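Chains, contacts and geometry: an overview
Here is how the chains run, residue by residue.
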Amino acid sequence: MSLLAGDTSEGKVGLGLLGQYLKRMDPGFSPQTFGHSGLLSMVKTYDLLAPSQDESGHWSVSLVPKIESPSEEKYIGYDSVGQHSH
């Protein structure tokens, strides 16, 4: 998903394009194999994916932004003894 969305300015990829990519990677891919009625219903079950619908009714999918805990943010760029790492 990040490979497809990384090429867009908004970090989103159209649901149809995602489906085409999945079929190209695995010609036998089908959401029904996983118990879903379609790709949208499958995407909605993943916490790391954020589907959204635009005004014209088209669906796109993006990755949910990664949220770092305050303790992780505090130590970014420092090694285990508190020295700034380059």
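Keep in mind the model is a prediction, meaning the values are calculated, not measured.

1. Here's the deal with the overall build of the protein
The number of helices and strands found in the protein is four helices and three strands. Secondary structure of the protein in N-to-C order comes out as α-β-α-α-β-β-α. The 86 residues of the protein split such that 20% are buried. Long-range contacts, defined as pairs at least 24 residues apart, comprise 31% of the intrachain contacts of the protein with a sequence gap of at least 6. As displayed, the protein has an accessible area near 6600 Å², and 56% of this comes from carbon and sulfur atoms.

2. Quick look at the pairing of strand E3 (residues 59-63)
Looking at chain direction, strand E1 (residues 12-14) and E3 are connected through three bridges and run antiparallel. In the sheet register, Gly 14 faces E3, and the bridge partner there is Ser 60. As paired elements, strand E2 (residues 49-53) and E3 share five bridges and run antiparallel to each other. In the sheet register, Leu 49 faces E3, and the bridge partner there is Leu 63. The hairpin turn running from E2 into E3, its antiparallel successor, is five residues long, and Gly 57 in that turn takes a positive phi close to 95°.

3. Re the packing of aromatic side chains
With the rule as written, the count across this model stands at one aromatic pair. Ring centres 6.1 Å apart and planes at 35° place the aromatic pair Phe 29 and Phe 34 in the tilted group. Looking at Phe 29, the relative accessible area reads 14%, which means it is buried.

4. Some words on the sheet that holds E1
Across the sheet, which stays open at both edges, the three strands sit in the order E1-E3-E2 with antiparallel pairing between neighbours. Looking at strand neighbours, the two that pair on one side only are E1 and E2, the edges of this open sheet. Across this sheet, the average inter-strand angle for adjacent strands is 30°, counted without regard to direction. Seen against the sheet, helix H2 (residues 15-25) touches E1 and E3 and runs at an angle of roughly 80° to E1.

5. Concerning the confidence of the model for the protein
When pLDDT drops low, the exact placement of atoms in the prediction is not to be read closely. Here the protein averages 79 in pLDDT, while 67% of its residues score no lower than 70. Ignoring residues within four places in sequence, the model shows residues 74-86, a span with pLDDT below 50, making seven contacts including any to other chains.

6. Some points on the environment of Pro 65
With respect to the helices and strands, Pro 65 occurs in the loop between E3 and helix H4 (70-75). Taking the C-alpha atoms as reference points, Pro 65 and Leu 48, 17 residues apart in sequence, are found 8.2 Å from one another.

Rules used in this analysis
Residues numbered from 1 in each chain as written. Predicted model: local features only at pLDDT ≥ 70, side-chain atom pairs only at ≥ 80, totals over all residues. Heavy atoms only, no water. Helix = DSSP H or I, 4+ residues; strand = E, 2+ residues; numbered from the N terminus. Buried < 20%, exposed > 50% of the residue type's maximum accessible area, 1.4 Å probe, protein only. Contact = heavy atoms within 4.5 Å. Areas by Shrake-Rupley, 256 points an atom, 1.4 Å probe, with all protein chains shown as cover. Pairing = 2+ DSSP bridges. Phe/Tyr/Trp six-rings, centres within 6.5 Å; stacked < 30°, edge-to-face > 60°. Axes fitted to C-alpha atoms, helices over the stretch in contact; angles between N-to-C directions. pLDDT = per-residue confidence, 0-100.

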